[in-house]
Structures are given as C-alpha cells and as structure tokens.
Amino acid sequence: MDHSKNTQENTTTLTTIRGMRDILPDETPLWARLEQVARDIFGRYGYRELRTPILEKSGLFARAVGETTDIVEKEMYTFADRNGDSLTLRPEGTASVVRSFIEHGMDRQLPWRVFYMGPMFRYERPQKGRYRQFHQIGCELFGPATAVADAEVMSMVMSYLRAVGVSSQLTLEINSLGCPSCRPAFRQSLTDYFSALKSNLCEDCQRRLERNPLRILDCKQEQCRELSRNSPHTGQHLCGGCEEHFTSVRGFLDGLSQPYQVNNHLMRGLDYYTRTAFEVTTLQLGAQNTVAAGGRYDQLVADMGGPATPAVGFAMGVERLALLLAGQDTVKPPLVYVATLGPAAVLLGLQLAEALRGCGVGVELALAGGSLKSQMKKADRCGAAHTVILGDEEATHRTLLIREMATGEQRRLDYQEGLHFLAAGFGMGGMVP
C-alpha cells in the first residue's frame, strides 16, 4: 500500500480555506462593539433579534434571490446531504428571514421588526473587503407599505453608522426601481438599448439580455459597466404610484435633514427589490465601496408562498465597517494582573483572582509562573492597570503588594483591604465578600 499521499497530507501545513479568515482576539473587541451598538440602536426602533440557520434548502434562494442573479448562477455553496437533498450555505439574510416570517405565521403580528447578524457565504474572487465567508448585520420590517417606513429604515441605518463613528465618510444614495406595473416598460427599454450593443457585452450579459436585462446593470465587467452608464434608467419609467412614493421618501429624508443623493442607475444585485432601493457608499475602500444596502421588497413574501405583505430592509457588511474603523483604539476594560512567585503564592493568587472576578473585575493570573521581570512584561503587554505581586512573604502573612502600572507606585495591604481597594476601583466594591 502506498502511504506517500497520506504522509504528504499529514505534513502539509493546515490553513484556512481561500476567501475565509480567522477573526483574531485583537480584532474581536471591535466586532463585539459593532454588534452591541446594533442591538442598542435597533432596539430603540423596536427591532428584536432573529437567528436563522446557516443552511437552507437550495430552492429557497433560487426562488427568492432570482435564478438569473450572479449569486444563484455562480456564487452559492451548494451540496447534497446524505438524503440527497440540495442544501446551500446562506448567501444573504433576507430570504431566510422571509422564510421564517412565513413558516411561523408572523403576518398575525404586523408590523414585525427583526434584526439579524452572522456569516454569509458566496464563492467570489477574494479581495480587500470581500471574502467568501463574510458577515452581515441586517434588519427587516414587515407590514407598512408607506414611504415613511422607508425613510425611517434609512434614518436608522445612518443612526447606527453615526453611533459607530463612520458616518462622516459615507454617502446615502437612493433610487426607485419601480413596481410590477412600470417595470415591463423599463425592461423593454433596456432590451432595446443593449440589443444594439450586444456584441460589446460580455458573454454573461449577452445571455442576460434574453433572460433578464436588468441584471446587466449589476455586471462587474468594466465594458458592461461603461455601457450601462448611458442606459435608460428607472426614473424615466416610473408609474404615478411609484413616482409619488419616491417623492414622499425624499420629502421625509429632507424633513429629517438627512443628506442623500439620487442615483438613477443604482440597482440591487437581487431580483426581489421594488420601489425604494438605497446604498451607503464610501470612497475609503476602493472597489468595495458599499457598506450598507437595502430597499423595499413588497412582492417577495407572496412570491415565496406567504400572504401578500409589504416589507423593507437592509444589510451591512461587518468586514467593511471594521476596515473603516481600523486603527481606532478599542476601549479595554480595566484589568488586574496577578503575579505569583513560588508555589506558596499560587493558591493565594488563585483565591484573589476568583474573588476579584466575582466583584466584576477582569483578572489575568500568571498560570505559568516565571521570573518577576517576565511576569511584569506580561502585565504590561496585557494592559493591566494594576499588578498584584505575591511571593512567600505575601503568602505567609496574607498581604497584597499592589503596583500601579502607570506610575510604578506600590502599596502593601492586607488581603481583605487590598481586595476592597481593587474591587472599588475597577469592579463593584459593594459586593466584596
């Protein structure tokens, strides 16, 4: 038997899958902050968190997102399970939320406001700000069909971005994509326009021209993007109802003093959007310039087999938000480092660490011991505000030698007094045992 292949596999360095990455401990405080601010801001608007499975039946996305979209045609991670059922790692969040809305009969609880956060998966070319496993924070509102709902959702997005500190780098762009009544005329105008230019389109867009010309407007190929700049736009074909709705949306945004730009060529890469569409863009991230995007999708619930229910929502890319915030200091909670010198001090150090943690104080205990010099380096590296130095004398007399790291000042206190001092400074002093 040839063991060479197995040997080679066993000695190969294990790495992450291309397009997927570890979020290391130095990064996670920022991610946790982005998530916590979302819970805070969205909660003020009445949204509650929904958690859907990462895996869904493949037909869900073909039906919701659109069979002619790049996501369904090229980018989904799809496989058969042991029963032969086709399953897909979710490439976006809205389809799963709508499926949950229908499955659990949430049309009886309108308006239904939910937010979600978590990983999504698309087989795309990895680049800065774009990964094959990426993370989104999103919101969906079911029930209201009014323009004020669209304006409130966009205002909520910008409130969140202000709260995390990136709104000054961003632009809100809006458009109306029309509805089933006015979309056919727009579609025909696109067909006429691109038919005369068919030989200049990429192969994918030549196929899209026959199946769904709207998808040409979302093509990433430069020659197609260039041709799209002079194509007909939705604003030339809106019916009276859509025109009135879009005018009202702009009026509400003006009334909120919320800056925005009308982008008549703004399209979304998903088929389910109707009427209002928006993106929040930046000049700071190169080609991956969209930080948040969303819009209205009044037909989707009915198209997926549920009761006709208007809806509007959005999603934000966490990786891109993190890139915009890179370099900003993340506030770390106060920390106490406990250095132990010799076996007699280890038990006292463990008792102190557990007592302080019980008072709400963050503690790092020197579990591996080492010289005082090496432990002080570790205390400095972890950002400790105070270090408690415990040796034979402290263990014998149950005292604590406490060093303030910023000044080097030291004080010796008995155990209970030292515990009160540290807990009062960093934790919940009134709860000291």
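Residues numbered from 1 in each chain as written. Predicted model: local features only at pLDDT ≥ 70, side-chain atom pairs only at ≥ 80, totals over all residues. Heavy atoms only, no water.

Visitor: For the overall build of the protein, give the residues involved together with the corresponding values.
Guide: Within the protein, the regular secondary structure consists of 16 helices and 16 strands. Relative to its length of 433 residues, the protein is extended, with a C-alpha radius of gyration of 28 Å against a globular reference of 22 Å. Counting only C-alpha atoms and orienting by the principal axes, one finds that the protein spans roughly 90 × 75 × 40 Å. Within the protein, buried positions represent 48% of all 433 residues. Summarising the internal contacts of the protein: among those between residues at least 6 apart in sequence, 69% fall at separations of at least 24. Looking at the protein as shown, the accessible area adds up to about 21,300 Å², and 50% of this sits on carbon and sulfur atoms. Across the protein, 47 positive and 49 negative side-chain charges occur, with their mean positions spaced 1 Å apart. (Helix = DSSP H or I, 4+ residues; strand = E, 2+ residues; numbered from the N terminus. Rg over C-alpha atoms; globule rule 2.2 N^0.38 Å. Buried < 20%, exposed > 50% of the residue type's maximum accessible area, 1.4 Å probe, protein only. Contact = heavy atoms within 4.5 Å. Areas by Shrake-Rupley, 256 points an atom, 1.4 Å probe, with all protein chains shown as cover. Lys, Arg positive; Asp, Glu negative; His and termini not counted. Charge placed at Lys NZ, Arg CZ, Asp CG, Glu CD.)

Visitor: So, the pairing of strand β6 (residues 133-142): which residues are in play, and what are the values?
Guide: Among the ten residues of β6, nine are classified as buried, and the element is accordingly described as predominantly covered. Relative to β6, strand β5 (residues 112-121) runs antiparallel, the two being bridged by ten bridges. Following the sheet pairing, Phe 115 is matched in β6 by Cys 139. With seven bridges joining them, β6 and strand β11 (residues 311-317) adopt antiparallel strand pairing. Following the sheet pairing, Gly 138 is matched in β11 by Ala 315. (Pairing = 2+ DSSP bridges.)

Visitor: For the sheet that holds strand β13 (residues 362-365), give the residues involved together with the corresponding values.
Guide: In a beta sheet, neighbouring strands are held together by backbone hydrogen bonds and run either parallel or antiparallel to one another. Strand order in the open sheet formed by five strands is β13-β12-β14-β15-β16, and the pairing between neighbours is mixed. In this open sheet, the two edge strands, each paired with only one partner strand, are β13 and β16 (410-414). Averaged over all adjacent pairs, the angle separating strand axes in this sheet is 25°, with direction ignored. Looking at chain direction, strand β14 (residues 386-390) and strand β15 (residues 399-404) are connected through four bridges and run antiparallel. Bridge assignment links Val 388 to a residue of β15, and that residue is Ile 402. Each of β12 (335-340), β13, β14 and β15 is contacted by helix α13 (residues 343-358), which is oriented at about 160° to β13, the strand it contacts most. The strands that helix α14 (residues 372-381) touches are β12, β14 and β15; relative to β12, the one it contacts most, it runs at about 170°. (Axes fitted to C-alpha atoms, helices over the stretch in contact; angles between N-to-C directions.)

Visitor: Lay out unusual backbone geometry with the relevant residues and their values.
Guide: Of note, the bond from Leu 110 into Pro 111 is cis; its omega dihedral lies within 30 degrees of zero at -5°. Within the secondary structure layout, Pro 111 lies in the loop between α5 (94-103) and β5. Phi at Arg 275 takes a positive value of approximately 55°, unusual for a residue other than glycine. A positive phi angle, close to 50°, is found at Arg 398, a residue other than glycine.

Visitor: Could you give an account of a positive patch on the surface, naming the residues involved and the relevant values?
Guide: A contiguous patch of positive charge, built from Lys 373, Lys 377, Lys 378 and Arg 381, is present on the exposed surface. Secondary-structure assignment places Arg 381 in helix α14. (Patch = residues over 30% accessible without salt bridge, like charges linked within 9 Å, V, L, I, M, F, W, Y side chains within 5 Å. Salt bridge = Lys/Arg side-chain N within 4 Å of Asp/Glu carboxyl O.)

Visitor: I'd like a rundown of α13, residues and numbers included.
Guide: Taking 1.5 Å per residue as the helical rise, α13 with its 16 residues ought to reach 22 Å, and the 24 Å between its terminal C-alpha atoms agrees with that figure. Residues of α13 that are buried: Ala 345, Leu 348, Gly 349, Leu 352, Ala 353, Ala 355 and Leu 356. An end-on view of α13 places all buried positions within 165° of arc, on one side of the element. Facing away from the buried side of α13 by over 90 degrees, the exposed positions are Pro 343, Leu 347 and Gly 358. Directly beyond the C-terminal end of α13, a positive phi value near 90° is found at Gly 360. (Expected span 1.5 Å × (residues − 1). Arc of directions from axis to C-beta.)

Visitor: I'd like a rundown of the packing of helix α3 (residues 58-65) against α5, residues and numbers included.
Guide: Angle between the axes and distance between the axes are the two parameters that describe a pair of packed helices. Relative orientation of the contacting elements α3 and α5 amounts to 105°, with a least axis distance of 10 Å. As the angle between them shows, α3 and α5 are arranged roughly perpendicular. Across the interface between the two elements, Leu 60, Phe 61 and Ala 64 from α3 touch Ala 95, Ser 96 and Arg 99 from α5. When the residues that make up the contact of α3 with α5 are grouped by side-chain class, the tally is four nonpolar, one polar and one charged. (Parallel < 35°, antiparallel > 145°, perpendicular 65-115°, else oblique. Nonpolar A, V, L, I, M, F, W, Y, C, P; charged D, E, K, R; others polar.)

Visitor: Go over the side chain of Thr 88 with me, naming the residues and quoting the values.
Guide: Mapped onto the secondary structure, Thr 88 falls in strand β4 (residues 86-89). Given a relative accessible area of 0%, Thr 88 falls into the buried group. Within polar-contact distance, the side chain of Thr 88 engages the side chain of Ser 58 at 2.7 Å. (Polar contact = N/O pair within 3.5 Å; in protein donor to acceptor, adjacent residues only side chain to side chain.)

Visitor: Describe the pairing of β15, and please don't skip the residues or the numbers.
Guide: By the bridge criterion, five bridges tie β15 to β16 in an arrangement that is antiparallel. When the sheet's bridge partners are listed, Leu 400 is paired in β16 with Leu 413. Between the antiparallel neighbours β15 and β16 lie five residues, among them Gly 408 with a positive phi of about 80°.

Visitor: How would you sum up the packing of helix α2 (residues 28-44) against helix α6 (residues 147-164)? Please name residues and give values.
Guide: Closest axis-to-axis distance for the α2/α6 pair is 10 Å, and the angle between their directions is 135°. If you check the angle between α2 and α6, you find them oblique. Our pair here, α2 against α6, has a crossing hand that is right-handed. Residues Arg 33, Leu 34, Val 37, Ala 38, Ile 41 and Phe 42 of α2 form the contact with α6, whose own contacting residues are Met 156, Ser 159, Tyr 160, Ala 163 and Val 164. Among the residues making up the contact of α2 with α6, the classes are represented as nine nonpolar, one polar and one charged. (Left-handed = near helix turned anticlockwise from the far one by under 90°.)

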